[in-house]
Amino acid sequence: MTATQEHTRTDVDVVGGSPDEVARGWLGAFETALRERDIESAAGLFAATSFWRDLVSFSWNLTTVENREGVRDLLENTLEGTDPAGFELSEPAETTDGTTTAWFTFRTALGTGKGLVRLIDENGPRAWTFLTSLQELTGHEEPRGHRRPAGAEHGVDPNRKTWSEKRAEEEAAWGRDVQPYTLIIGGGQGGIALGARLRQLGVPALVIDRWNRPGDQWRSRYKSLCLHDPVWYDHLPYLKFPDNWPVFAPKDKIADWLEAYTKIMEVPYWSATTARSAQFDDATGQWTVVLDRDGEEVTLHPTQLVLATGMSGKPNVPKFPGQDVYRGEQQHSSQHPGPDAYAGKKVVVIGSNNSAFDICGALYEHGADVTMVQRSSTHIVKSDSLMDIGLGDLYSERALEAGVTTEKADLIFASLPYRIMHEFQIPLYEKIKERDKDFYDRLEAAGFDLDFGDDGSGLFLKYLRRGSGYYIDVGAAELVADGKVKLAKGQVDHLTEDSVVLTDGTELEADLIVYATGYGSMNGWAADLISQEVADRVGKCWGLGSDTTKDPGPWEGEQRNMWKPTRQENLWFHGGNLHQSRHYSLYLALQLKARWEGLETPVYGMAEVHHLS
C-alpha cells in the first residue's frame, strides 16, 4: 500500500459528525499509526502548518517540532522507545470557529501523560497544535490520594521514633551520612517548588540558599514591592493559596508563605549557605560543590546540579565614568531598601521598567524629589486591563467558575506554540490600547516613549523573549503622566560629584542614584560558580530566538536552557515567575526522578548553542 493510499484510509477513519466523534477518530487513527510504526501516516494526520510541543513524554526534553517534517523527525527518533498507546478523550471535545479542541490522556513505556489537540479541516481533520506532557512515571507515582502515607504506625514498637525524631535525624545526616542526588542552588520560589516536587517523588534533594530564612529573598526587597501577577496565576505545587488570599500579595506575605510552605512540604533546606565553587567529574558523573554553611566549609557530591537562582540572573550594574567620584549613594534596584530615608532628597532612577516605576512611586509617596531616566521605550499595561483581557480567561475567579483550574490553565497556556503565540496576543493588546487610550495619550504627551513589543504582542511575549522592557501599572505610571515624577530621556554620559549627566548635556542633581537596569543571563551564575568554559558551553539562558529586540535569532522554539537538559552534563536551570516555577518544576522533577531510578532517558532535540551570554 502506498503512502497516499494509507493516508486516504486514515482520512476515512477520522471522519465524524460531533466534536467527540471527530476527536476520537483522529486519536484512534494516530494511535493506530503509532502502534503500526507507520510514521508517514502519523505525520499525515498533521496539518501542513502544524506544531507539536512535547514536554518530556516523547523527547525527554522540552521541545517543539513544526509541520509534518518535524513530526516525522521526532517520531523517527523517539517512537520505538516511547511505545505510546491508550489515547483517550478525558472530557468532551468542543468545536468553535471550525477548530475542534480535545483533551486526552495517553501512556508510554515509562509513564502516563495528558495532552491537548486542536484539529482543523484540511481534507479531513488534521492536528494544527498538539501538546503531549508527561505527568507520572509508572511505578514511581507520587504518594498522593489513595497512595498517601498512613502517617501513624499502629501497634507496639519499643524502638518507635516520632515524626519529629525522624525529621531531625534526616536533617543531621545531610552532607555527612547522606549525599543529595540533586543539589538545588537557590531557595526562592523556584528552588522550593522543585524541592517539594522531588521530595514527593522520593529523590534525595537538598535546597541551599544564602539568606537566613526561606523567603528572605522577598523580605530584603524594597518595602512597597507587591506581586503584579494575580493570585490565581501564582499558586505553588500541592498547596494553593487560601481563597481569601489577596489578589496581589505584598512581598512580606509571600516571604512568610514560602517559609511556611518549606516547612509544611518538608523540603530539605539549608539556609545561610553559599555555594563557593562547583566542579564536574566526567569520570564519576558527579559534582564536587564547596559550600560555606554559616561559616563552616562543607563539601557535597551531588550527581545533578540545579541553578535555581532566578530567571533574571545576576544584577546588571552599568559602568559609567565618574561613579568613583560621585559622593551620594548608588544602589542597584535589588539593593534598594525602600523610600524611608530619602524624604526631601533628590533621587535619580535610571530605568523605566517594573522596578523603576515601583521605586519611583514609593519614593514620591515619601516626599522625595524623583526623576526617572528612560533610556529606551517601555511597554506599559494597566493592571486591571491585563487581569481582565490578558489573563481573565485562564487565571481568575471567572475562569474557575468556568471550570478552568490552575492546572488546566497551565496546560492551555503551554499548548500554544511560541512560534504563533503572538498571533493570539496581538488582538488582546489591540483591545487594551482601545480601552486605555486616554491613559496612553497622557503618557505620550508627557514625553514617555511607549511600545507594545516589536510586533505589538505586548507583555507576555516581551517577558518570554527578553524578560525586560515592561511595566504592569499599579499607579506609578500616572505619576509620570501627571509630571509628579519627572522624566528625563537619553543615555547616561557620566557622573559628577553630585549629579547624573546625560549625553545631551542634561544634568540631574542626585543625592541617590538607583540603577533599575535589570539583570544578566542566568549562566552568569554558572560562570562564577563553575567556570566561564561551562557557561559558554551552556550558552545564553532565556529567550526564544525570535530575532526581536534583545532576543537574537535563530529561532529556537523553546526557552533557552530552561527546565531541560543543557550542553553541560547534569547541569540544569530552573527559573521564572511563580507560574513557571509551579508548572515546569513538574517536568524538571520527572527528568531528575527518571535519572535517579536509572531509567533510559534519550534526549531528542538537544538545543544548539548560538549565543554565549
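Residues numbered from 1 in each chain as written. Predicted model: local features only at pLDDT ≥ 70, side-chain atom pairs only at ≥ 80, totals over all residues. Heavy atoms only, no water.

It is worth spelling out the overall build of the chain at this point. Looking only at helices and strands, one finds 19 helices and 25 strands in the chain. Structurally, the chain occupies a C-alpha span of about 80 × 70 × 50 Å along its principal axes. Here the chain holds 613 residues, and 56% of them are scored as buried. Here the analysis covers contacts within the chain between residues at least 6 apart in sequence; of these, 66% occur between residues at least 24 apart. Roughly 25,900 Å² of accessible area belongs to the chain as shown, and the carbon and sulfur atoms make up 48% of that amount. Counting 62 positive and 92 negative side-chain charges, the chain places the averaged centre of each group 3 Å from the other. (Helix = DSSP H or I, 4+ residues; strand = E, 2+ residues; numbered from the N terminus. Buried < 20%, exposed > 50% of the residue type's maximum accessible area, 1.4 Å probe, protein only. Contact = heavy atoms within 4.5 Å. Areas by Shrake-Rupley, 256 points an atom, 1.4 Å probe, with all protein chains shown as cover. Lys, Arg positive; Asp, Glu negative; His and termini not counted. Charge placed at Lys NZ, Arg CZ, Asp CG, Glu CD.)

With that settled, consider the sheet that holds strand β11 (residues 273-281). If you trace the 3 strands from one edge of the open sheet to the other, you get β11-β12-β13, paired in antiparallel fashion. Of all strands in the sheet, those bounded by a partner on one side alone are β11 and β13 (296-300). Going from strand to strand, the sheet's axes swing by 15° on average, the running direction of each strand aside. Here 8 bridges tie β11 to strand β12 (residues 286-293), and the two strands are oriented antiparallel to one another. Looking at β12, one finds that Thr274 is bridged to Asp292. (Pairing = 2+ DSSP bridges. Axes fitted to C-alpha atoms, helices over the stretch in contact; angles between N-to-C directions.)

As a further point, take the packing of helix α6 (residues 189-201) against helix α19 (residues 578-596). Viewed as axis vectors pointing N to C, α6 and α19 meet at an angle of 40°, and their least axial separation amounts to 8 Å. By the criterion of interaxial angle, the relationship of α6 to α19 is oblique. Handedness of the crossing formed by α6 with α19: right-handed. Every residue of α19 that contacts α6 at Gln189, Gly190, Ala193, Leu194, Arg197, Leu198 and Leu201 is listed here: Leu578, Ser581, Arg582, His583, Ser585, Leu586, Leu588, Ala589, Leu590, Leu592 and Lys593. Counted by class, the contact of α6 with α19 contains 10 nonpolar, 5 polar and 3 charged residues. (Parallel < 35°, antiparallel > 145°, perpendicular 65-115°, else oblique. Left-handed = near helix turned anticlockwise from the far one by under 90°. Nonpolar A, V, L, I, M, F, W, Y, C, P; charged D, E, K, R; others polar.)

Let's shift gears to the sheet that holds strand β15 (residues 329-332). An order of β15-β24-β16-β17-β20 is seen for the 5 strands of this open sheet, with the pairing classed as parallel. The open sheet has two edge strands with one neighbour each: β15 and β20 (486-489). The mean inter-strand angle of the sheet, taken between neighbouring strand axes irrespective of direction, is 20°. For strand β16 (residues 346-350) and strand β24 (residues 512-515), the ladder comprises 4 bridges, and the chain directions are parallel. For Val347, the partnering residue across the bridge sits in β24 and is Leu512. Against the sheet, helix α9 (residues 354-365) contacts β16, β17 (369-374) and β24, and its axis sits at roughly 165° relative to β17.

A few words now on the side chain of Asp473. Within the secondary structure, Asp473 is located in strand β19 (residues 470-473). The buried category is assigned to Asp473, whose relative accessible area is 5%. Only 3.3 Å separates the side chain of Asp473 from the backbone nitrogen of Ala476, close enough to count as a polar contact. (Polar contact = N/O pair within 3.5 Å; in protein donor to acceptor, adjacent residues only side chain to side chain.)

Taken together, the side chains of Asp498, Glu507, Glu509 and Asp511 present a region of like negative charge at the surface. Relative to the elements of secondary structure, Glu507 occurs in strand β23 (residues 507-509). For Glu507, a relative accessible area of 52% puts it in the exposed group. (Patch = residues over 30% accessible without salt bridge, like charges linked within 9 Å, V, L, I, M, F, W, Y side chains within 5 Å. Salt bridge = Lys/Arg side-chain N within 4 Å of Asp/Glu carboxyl O.)

This part is about the pattern of salt bridges. Using the criterion set out here, one finds 46 salt bridges in the structure. Here Glu122 makes a salt bridge to Arg68, at a shortest N to O gap of 3.4 Å. Of the two residues, Glu122 is situated in the loop between β6 (111-121) and β7 (125-137) and Arg68 in helix α4 (residues 67-82); the sequence distance between them amounts to 54 residues. Since its relative accessible area comes to 26%, Arg68 is described here as partly exposed. The network of salt bridges with common partners includes Arg167, Glu170, Glu171, Arg199 and Glu266.

Running from N to C, helix α10 (residues 383-390) and helix α13 (residues 418-435) point in directions that differ by 140°, and their axes come no closer than 10 Å. In terms of orientation, α10 and α13 fall into the oblique class. As for the relative orientation of α10 and α13, their crossing is right-handed in sense. Where α10 abuts α13, its residues Asp384, Ser385, Leu386, Asp388, Ile389 and Gly390 lie against Leu428, Tyr429, Lys431, Ile432 and Arg435.

On to the pairing of β6, then. Bridging between strand β5 (residues 99-107) and β6 involves 8 bridges; their strand directions are antiparallel. Each residue of the ladder has a partner; that of Phe104, found in β6, is Gly115. Hairpin connection between β5 and β6: a loop of 3 residues separates the two successive antiparallel strands. Two strands pair when backbone bridges link them, and β6 and β7 are joined in this way by 11 bridges, in the antiparallel orientation.

Here the chain averages 94 in pLDDT, and 97% of its residues register 70 or above. Low pLDDT (under 50) marks residues 1-10, which in the prediction has 12 contacts with non-local residues, meaning those over four places away or in another chain. (pLDDT = per-residue confidence, 0-100.)

Let us look at the packing of aromatic side chains. For the structure shown, the criterion picks out 34 aromatic pairs. Ring geometry for Tyr233 and Tyr395: centres 5.0 Å apart, planes at 90°, overall edge-to-face. Here Tyr395 lies in the loop between α10 and α11 (397-401) and Tyr233 lies in the loop between α7 (216-219) and α8 (251-264), a separation of 162 residues in the sequence. A cation over an aromatic ring shows up here: Lys433 above the ring of Phe452, its NZ or CZ 4.7 Å from the ring centre. (Phe/Tyr/Trp six-rings, centres within 6.5 Å; stacked < 30°, edge-to-face > 60°. Lys NZ or Arg CZ within 6 Å of the ring centre and 35° of its normal.)

Next up on the list: the side chain of Gln580. As for its placement among the helices and strands, Gln580 is situated in helix α19. Aside from chain neighbours lying at most four places away, what touches Gln580 is Tyr463, Leu464, Trp542, Gln559, Trp563, Gly575 and Ser585.

This part covers α10. Burial analysis of α10 places 6 of its 8 residues in the buried class, which makes it a mostly covered element. Residues of α10 that are buried include every one of Ser383, Ser385, Leu386, Met387, Ile389 and Gly390, and no others.

So, on to the environment of Leu75. Along the chain, Leu75 falls in helix α4. Residue Leu75 is classed as buried on the basis of its relative accessible area of 0%. In the structure, Leu75 is positioned 32 residues away from Ala43 in sequence and 8.7 Å away in space, judged by C-alpha atoms.

This part is about the environment of Leu411. Within the secondary structure, Leu411 is located in helix α12 (residues 406-414). Of the residues examined, Leu411 reaches a relative accessible area of 8% and is grouped as buried. A sequence separation of 279 residues divides Leu411 from Thr132, and the C-alpha atoms of the two residues are 9.6 Å apart.

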